[in-house]
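Each chain is listed here by its residues.
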Amino acid sequence: MREIESSKITEVVAKLCMEANFELEDDVQKSLEKAYETEKSPVGREVLKQILDNSRIASTERVPICQDTGMTVIFAELGQDVHIVGGGFEDAINEGVKKGYTEGYLRKSIVSDPVRGGNTGDNTPAVIHLDLVAGDKLRMYIVPKGGGSENMSRIAMMKPADGIEGIKKFVVDGVREASGNPCPPVTVGVGIGGSFERCAQISKKALLRPIGSDNKDPFYDKLEKELLILVNKTGVGPAGLGGTTTALAVHIEVAPRHIASFPVAINLNCHAARHKFVEL
Amino acid sequence: MAEYSLETPLKDEEIRKLKAGDRVFLSGIIYTARDSAHERLVKLIEAGEELPIPLEGQVIYYVGPAPTPPGKAIGSAGPTTSYRMDPYTPLLIENGLKGMIGKGERTEPVVDAMKKGTAVYFAATGGVAALIARSVLSSEIVAYEDLGAEAIRRLEVKDFPIIVAQDCYGGNAYVEGQKKYAE
Ligand code: SF4
């Protein structure tokens, strides 16, 4: 058994909540720079220039890229040979979120009761997806997710007969109808298969893969590239004002499904595609 | 695509010049309001009570800024999605509101109110919140402090970069721009 102090988890989560909100990862930054070079619309180029200037200002001044610093989503892989000492795992994460959002002057956007309202005041609780895996490490992806792009997500319980054409139509319509609301250029996470809730979850997990990386399965890699071309033909463009860059990438995650079900979900991420990774 | 520098409050003849797609650098006083603040303003108007901010000729910015770090006028402050305000907007326009800043398209009732009331809807680029914050010279909460990030603030802005998204003639920069690049 390897021991990890809960206070260590708190400290790391706090730091990464701030860093994720202040600076884009290299893959996102590079792909935005490339989009600025290739975008055909003058308005689209102006928007991309603002996006690049903004990320430079945010990272040098250590201020949030976007005022919507998101709901804190955490994908954690906990090795089964790890023993967390000094406190509970979820408490440690939520302590970290509270600390990071307070010390980093990040916006607290969590409504405590969905219907009756009230703000929790510290952006907790985080949404935690925990997988128990082999080994003695703890890996975490910290993903602050904004409301504008999250609201443009959708899921369909399609028929198995809908097949690839059904998937393509669902994804392209979803991005077109989302228009400027999710702050394009977007990253499109597509979940295919699983149960209703698994499908939604893997569509978000698909957003974690670095932009520009290939899908390990050549079949889905080809589908991703076709979808990216189709999505960029919608003309939605940067900020929805028209152009040739609507998405930076389409990422697919799949899971086995029931013989009668064919769930497909899309989860959009905005150009402020924030995520940080850590291994303890 | 023309370019204008405008000062608030906005006048009808200035608004009539603006066409969807034009770039504008806005200076002067603007007010922030989001969902909850809109709900309260509309309730006051319906009850015939006095509003905490003036509406005549004014511009409302749909934003819930990040907390202000020490030494800054305001925290990061980019636009939120506008259509959520659509149920409340026509009544505000009827009461003198001339401009709105947000992101994403507005629905038909707002478009009609804009035509009738000579009002304009501007888009600020969503997510470029640190850049936009630089054009805010000062910020002061003027109402509904209990709403936190959703409180109404009075902002003094200089050359706030925006685009005419929907003009007072029904022109729509989203629709026109996307049509041009759709294959
Ligand atoms: S969609 Fe993303 S970039 Fe746009 S306002 Fe929301 S968090 Fe910010």
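Student: I'm lost on the sheet that holds strand S9 (residues 186-193) of chain A in this one. Help?
Tutor: The strands making up a sheet associate through hydrogen bonds between their backbones, and the pairing can be parallel or antiparallel. Residue and element names in this part refer to chain A. Pairing is mixed across the open sheet formed by 4 strands, whose spatial order is S8-S11-S9-S10. Of all the strands in the sheet, the pair left with one neighbour each is strand S8 (154-158) and strand S10 (247-255). Here the average twist between neighbouring strands, direction ignored, is 15 degrees. Running at roughly 30 degrees to strand S11 (residues 262-269), helix H6 (residues 163-178) makes contact with S8, S9 and S11 of the sheet.

Student: Looking at this structure, I do not really get the confidence of the model for chain B. What am I missing?
Tutor: Detailed conclusions should not be drawn from predicted coordinates in areas where pLDDT is low. Per-residue pLDDT for chain B averages 95, and the proportion of residues at 70 or more is 100%. The ipTM value of the predicted complex is 0.91, and its pTM value is 0.93.

Student: Whenever I open this one, the domain arrangement of chain A confuses me. Can you help?
Tutor: Where the parts come together, the accessible area they lose is often given as the size of the interface. All names here are of chain A. One can read the domain layout of chain A as domain 1 (2-21 + 65-145) and domain 2 (148-273). Computed from C-alpha atoms alone, the centre-to-centre distance between domain 1 and domain 2 is 26 Å. Roughly 830 Å² of surface becomes buried between domain 1 and domain 2 when both sides are summed, with 68% attributable to carbon and sulfur atoms. For the interface between domain 1 and domain 2, the tally reads 2 salt bridges. The residue Lys205 makes a salt bridge to Asp131 at a minimum N-O spacing of 3.9 Å. One can count 4 residue pairs in polar contact (both at pLDDT 80 or more) joining domain 1 with domain 2. Tallying contributions element by element places strand S7 (residues 138-145) first for the side of domain 1 that touches domain 2, with 3 residues. Residues that form the side of domain 1 that touches domain 2 fall into these classes: 5 nonpolar, 1 polar and 3 charged.

Student: What is the right way to read the site of the ligand from this model?
Tutor: Neighbouring residues of the ligand: Cys66(A), Asp68(A), Gly146(A), Gly148(A), Ser149(A), Pro182(A), Cys183(A), Cys270(A), Ala272(A), Arg274(A), Lys103(B) and Gly127(B). Residues near the ligand are shared among chains A and B, making this a multi-chain site. Grouping the amino acids of the shell around the ligand by side-chain chemistry returns 5 nonpolar, 4 polar and 3 charged.

Student: When you look at the interface of chain A and chain B in this model, what are you seeing that I'm missing?
Tutor: At the junction of the two partners, chain A supplies 38 residues and chain B supplies 38 residues. Across the chain A/chain B interface, buried area totals approximately 3100 Å², and carbon plus sulfur atoms make up 58% of it. Its largest share of buried area at the contact with chain B, chain A owes to Gln67(A), Tyr105(A) and Leu241(A), together 21% of the area lost on that side. Counting every contact that joins chain A to chain B gives 3 salt bridges. Two residues, Glu46(A) and Arg23(B), come together in a salt bridge whose shortest N-O distance is 3.3 Å.

The rules we used
- Residues numbered from 1 in each chain as written.
- Chains lettered and ligands numbered in written order.
- Predicted model: local features only at pLDDT ≥ 70, side-chain atom pairs only at ≥ 80, totals over all residues.
- Heavy atoms only, no water.
- Pairing = 2+ DSSP bridges.
- Helix = DSSP H or I, 4+ residues; strand = E, 2+ residues; numbered from the N terminus.
- Axes fitted to C-alpha atoms, helices over the stretch in contact; angles between N-to-C directions.
- Contact = heavy atoms within 4.5 Å.
- pLDDT = per-residue confidence, 0-100.
- Domains from an automatic or database assignment.
- Buried area = accessible area lost by both parts, 1.4 Å probe.
- Salt bridge = Lys/Arg side-chain N within 4 Å of Asp/Glu carboxyl O.
- Polar contact = N/O pair within 3.5 Å; in protein donor to acceptor, adjacent residues only side chain to side chain.
- Nonpolar A, V, L, I, M, F, W, Y, C, P; charged D, E, K, R; others polar.
- Near = heavy atom within 4 Å.

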